[in-house]
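Listed below are the residues making up each chain.
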Amino acid sequence: MSKRRVSPTRGTRESATAKRPRLDLLQAAADIVAALPDAVVVTGTDRRVLAANETGAALLGWESGEVVGQLISDAVAPAERAHVATREDKVLAGEPQRYETKIVNHSTGEERDVAVSSGPFRVEGELIGTVATLRDITEPKRAADTLARSEARYRHLVESASDAIVTLDANGRFTTVNHAAENISGYKREELVGQWFAPMLPDDDLPKALGHFQQALSGETGLFESQFYRKDGEVRTISITYSTPQKDEEVLCLIRDVTDSKMLQEQLIQSEKMSAIGQLVSGVAHELNNPLAGISAFAQLLLAEKRFPPDQRTAAETIYSEARRASRIVQNLLTFARQHKAEKVQTSINQVLDDTLELRGYELRVRGIDVRREYDESLPDTMADAHQLQQVFLNLITNAEQAMEQRDGQHHRLSVRTRRAGETIRIEVDDTGAGIPANLVERIFNPFFTTKPTGSGTGLGLSISLGIVREHEGRIWAENPPQGGARFVVELPITTPRTSGEHAAMTPATPVGSDRLRVLVVDDEASVRVSLQRYLAGKGHEVETTASGEDALNRLKGSKYDAVIVDMRMPDLSGEQLFERLRSNDPAHAERVIFTTGDLVNEQMRRFLDGTGRPCVPKPFEFSSFDQALPAARRRA
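Small disclaimer: the values here were computed from a predicted structure and weren't measured.

Chemist: Which residues make up the overall build of the protein, and what values go with them?
Modeler: A count of helical and extended segments in the protein gives 20 helices and 22 strands. Within the protein, the fraction of its 637 residues that count as buried is 40%. Taking the contacts inside the protein whose residues are at least 6 apart along the sequence as the reference set, 60% of them involve residues at least 24 apart.

In structure tokens:
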């Protein structure tokens, strides 16, 4: 009988299998649940705990042996109980649920956030309750909430910032934009995101901006200024500060609109220039008015000669007229350049316009602009500050001049007209330029608004003019007349002097008759001394002259004079110093002083002259002014 060979391997497998104990599946499942890091809680249909792993019991705040039988709703935060009950009803109906809720630890009373995954629990096909897995998400949720609050805070800061804050990708396209960027650019957020920045910059500034952008991508920080086109086409100036949160990937820019501040800075510079011009002209005016006074005085002496030939008389009249014209130009420039305190007096609007046109006369002529004056000669005077109105008219005339200069190919004309309209004076300044675009007519009086090229204007001229006209209780506006060009209209009310608070008009003094007066002329300008000596001597007066204030004081100590004509500015002793010395030591002669000066616009000098109560004859002078001033200085008996 043959024997069967038994495989060694087979025999070993059977032996091992025979020795291995049977696997208890229920115990294995229990061990697995116990080892889970998440809490597992089994509840019955009565919503009481049937079983829980150690993590679940600890999460609910019970010992493992005590958690069974506890009502699960007691472990749910009161505000969440209705929500949890609804969810568990759906689980018992066979619909698994995933949701978040809050539970309260029975032992510590601490509230925790949990993520719940719950499903029906069946044994041999019979539903006996629910089994839920609970994961403690308190710390991650708190971290997420903290992060969300931080992001919201910084988002609020970015959105509420007055400066534009934007980010650009490596290709120079906007990726994020705040609300201020919308305001500055005029574009909506969705219009900016994804757009390349280059088309928004002028060609002249683009190379500089691209250079800074490359520096930013390489990790550098910096600051630069550039022009910028708004969506409506308006050109603004922006200051850009950049940095790189992500090198080679993203550029962060802080953008500030500095247009208005630069305009204000330019205006301050302009104001300082005008102040410097005022100081310069104040000194130059005196130096010019002295020779002009001599020219005018000698022309008057020649014209007073009865035997003067007629052909030469015409030449003398021309000299006299041109000297007066030069004097008016100097005086107009002086009053305009200096800071002048508002002072409303009886003013001839036509005269103010003439003075202003005279200031621009040369420029208008060389540009070939024909000036037409269409004045209503019957206009009454009105209470106004002539210096401030001159500033308004000069601004309007200069603007018209520049508008016409930019339009070539035709003969240009500037028309200035005045007329009375009821109780107002209407002034119109018309030009033959290109006119004002309809969409800009209402904006041209806004501060810092200008249609001129960059650097050609501050945008404050018309707004200042508007303020001056309003201060005079008037109106100013712009319009485009049917014949073309532009027209600016100013309306000023006709007002009369108030009965109180105004200076009384001076009654002209009676001209000097046959009284022979002894007069001392104190002036450092030889032409003034000689001309006054000849004129007054021709009137029968005894005249002495000196160029020194100190010499004048010495003469006044030793002799008596009926009148002392004193120039306000002299090298050794000014007219003010000489008068103060006389007022202290020789009041009799102080009451006989007649001042002369070429700078009556100087506020300090005007205050001094007003305080003395003495007459003052401005240079260049008319000899007849001394005929009126001398009687007041005549020596008392």
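That shown, we press on.
Chemist: Account for the confidence of the model for the protein, naming residues and giving values.
Modeler: This prediction gives the protein a mean pLDDT of 83; 84% of its residues lie at or above 70. Between residues 454–459, whose pLDDT stays under 50, and residues either more than four places distant or in other chains, the model counts 14 contacts. Below a pLDDT of 50 lies the segment residues 499–513, which in the model reaches 11 contacts outside its immediate sequence neighbourhood of four places, other chains included.

Chemist: A description of the sheet that holds strand β2 (residues 49–52) should follow, citing residues and the corresponding values.
Modeler: Hydrogen bonds along the backbone pair up the strands of a sheet, which may run parallel or antiparallel. In space, the 5 strands of this open sheet follow the order β2-β1-β5-β4-β3, with antiparallel pairing throughout. The open sheet has two free edges, formed respectively by β2 and β3 (97–104), since each of these has just one partner strand. Going across the sheet, the axis of each strand differs from the next one's by a mean of 30°, ignoring polarity. Across 6 bridges, the pairing between strand β1 (residues 39–44) and strand β5 (residues 126–136) is antiparallel. Pairing of V40 across the sheet is with T133, part of β5. Sheet contacts for helix α4 (residues 81–92): β3, β4 (111–123) and β5; angle to β3, the most-contacted strand, approximately 140°. Helix α5 (residues 138–160) contacts β3, β4 and β5 of the sheet and is inclined by roughly 135° relative to β4.

Chemist: Tell me what's going on with helix α19 (residues 603–612), and back it up with residues and numbers.
Modeler: The α-helix advances 3.6 residues per turn, and as a result positions three or four apart in sequence lie on the same side. When we look at burial in α19, the residues that qualify are M605, F608, L609 and T612. In an axial view of α19, the angular spread of the buried residues amounts to 95°, which keeps them on one side of the axis. In α19, the exposed positions angled more than 90 degrees off the buried face are occupied by R607, D610 and G611. Of the surrounding elements, those touching the buried residues of α19 are α17 (575–585), β21 (593–597) and β22 (616–618). Once α19 ends, the next one or two residues include G613, with phi positive near 75°.

Chemist: Would you mind going over the packing of aromatic side chains in detail, with residue names and values included?
Modeler: Summed over all chains, the structure comprises 9 aromatic pairs. An aromatic cluster of at least three residues, connected via ring pairs, comprises Y535, F621, F623 and F626. For R518, the ring lying beneath its charged end belongs to Y561, and the centroid distance is 4.5 Å.

Chemist: Please give an account of the packing of helix α11 (residues 349–359) against helix α13 (residues 386–405) that cites residues and values.
Modeler: With their axes 9 Å apart at the nearest point, α11 and α13 run at an angle of 50° to one another. When the interaxial angle is binned, α11 and α13 end up oblique. As α11 runs across α13, the sense of the crossing is right-handed. Facing I349, V352, L353, D355, T356, L357 and L359 of α11, the residues of α13 in contact are A386, L389, Q390, F393, L394 and I397.

Chemist: Talk me through the packing of helix α16 (residues 549–558) against α17; I want residue IDs and the actual numbers.
Modeler: Between α16 and α17, the least distance of the axes is 10 Å, while the angle of their chain directions is 25°. Here α16 is positioned roughly parallel relative to α17, judged by the angle of their axes. Pair α16 / α17 crosses with right-handed handedness. In this structure, α16 uses G549, E550, A552, L553 and L556 to contact α17, whose residues at the interface are L578, R581 and L582. In the contact of α16 with α17, the residues fall into 5 nonpolar, 1 polar and 2 charged.

Chemist: Can you tell me about the side chain of E88, naming the residues and giving the values?
Modeler: Residue placement: E88 occurs in helix α4. One buried charged side chain, E88, makes no salt bridge at all; its nearest oppositely charged neighbour is R47, positioned 6.0 Å away. Once you skip the residues sitting within four places of it in the chain, E88 turns out to touch R47, Y99, S118 and T130.

Chemist: Quick one: what's the story with empty space enclosed by the protein, residue by residue and with numbers?
Modeler: Evaluated as defined, the whole model comprises 2 cavities of 30 Å³ or more. One number sums up the size of the largest cavity: a volume of about 320 Å³. If you go around the largest cavity, you meet 23 residues; those closest to its centre are F174, F197, I238, I240 and I255. Only β6 (164–169), α6 (179–185), α8 (206–217), β8 (222–229), β9 (235–246) and β10 (250–257) provide two or more residues apiece to the lining of the largest cavity.

Parameters at a glance
Residues numbered from 1 in each chain as written. Predicted model: local features only at pLDDT ≥ 70, side-chain atom pairs only at ≥ 80, totals over all residues. Heavy atoms only, no water. Helix = DSSP H or I, 4+ residues; strand = E, 2+ residues; numbered from the N terminus. Buried < 20%, exposed > 50% of the residue type's maximum accessible area, 1.4 Å probe, protein only. Contact = heavy atoms within 4.5 Å. pLDDT = per-residue confidence, 0-100. Pairing = 2+ DSSP bridges. Axes fitted to C-alpha atoms, helices over the stretch in contact; angles between N-to-C directions. Arc of directions from axis to C-beta. Phe/Tyr/Trp six-rings, centres within 6.5 Å; stacked < 30°, edge-to-face > 60°. Lys NZ or Arg CZ within 6 Å of the ring centre and 35° of its normal. Parallel < 35°, antiparallel > 145°, perpendicular 65-115°, else oblique. Left-handed = near helix turned anticlockwise from the far one by under 90°. Nonpolar A, V, L, I, M, F, W, Y, C, P; charged D, E, K, R; others polar. Lys, Arg positive; Asp, Glu negative; His and termini not counted. Salt bridge = Lys/Arg side-chain N within 4 Å of Asp/Glu carboxyl O. 1 Å grid on protein atoms, 1.4 Å probe; cavity = no way out; pocket = protein on both sides within 12 Å on 5 of 7 lines; lining within 4 Å. Points joined across faces, edges and corners; volume = space filled by probe spheres on them.

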